[in-house]
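These are the residues of each chain, in order.
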Amino acid sequence: MTTSNLPAKQVSIRINKNDSLPDNAQWKNRFEIKSSSSNRVYIVSQNIANGHMGCSCPGWRIHRNCKHLTALGLPGYEQPVTLNINYK
Ligand SMILES: [Zn+2]
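My aim in this report is to walk through the structure given alongside it, one point at a time. What you are looking at is a predicted structure, and each value in this text was computed from that prediction instead of being measured.

Reading the values: rules and limits
Residues numbered from 1 in each chain as written. Predicted model: local features only at pLDDT ≥ 70, side-chain atom pairs only at ≥ 80, totals over all residues. Helix = DSSP H or I, 4+ residues; strand = E, 2+ residues; numbered from the N terminus. Buried ≥ 20, exposed ≤ 12 C-beta atoms within 10 Å, placed from the backbone. Contact = placed C-beta atoms within 7 Å.

With respect to unusual backbone geometry
We note that Arg-64 has phi near 65 degrees; this positive angle belongs to a residue other than glycine. Following the sequence through the fold, Arg-64 ends up in the loop between helix H1 (58-63) and helix H2 (67-71). Owing to 16 C-beta atoms within 10 Å, Arg-64 belongs among the partly exposed residues under this scheme. Unusually for a residue other than glycine, Glu-78 sits at a positive phi of about 60 degrees. Position of Glu-78 among the secondary structure elements: in the loop between H2 and strand E6 (81-87). Residue classification places Glu-78 among the partly exposed positions, given that 14 C-beta atoms sit within 10 Å.

Printed below as a string of structure tokens:
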């Protein structure tokens, strides 16, 4: 029994076109987000193989969830998602 047949949650987000980044081998729907507590910039993206979201911040790297995903309404913990990006 795996979770791969569960319907993915659908989330629509709105981001600045200037913040979007090209796909790479492992990640698509990539875009930059600015840290609220420093001048760092992190990259939020969707794993092509598994459909889950990731973030380049230390929180996600350790916990597989972070405030950036939460703020965007995106699921953490490597849950797959159907992502609709609207550019502004
Ligand atoms: Zn993050």
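Topic: the environment of Asn-65
Tracing the backbone through its elements, the reader meets Asn-65 in the loop between H1 and H2. For the pair Asn-65 and Glu-32, spaced 33 residues apart in sequence, the C-alpha separation works out to 17 Å. The residues contacting Asn-65, other than those within four sequence positions of it, are Trp-60, Gly-76 and Tyr-77.

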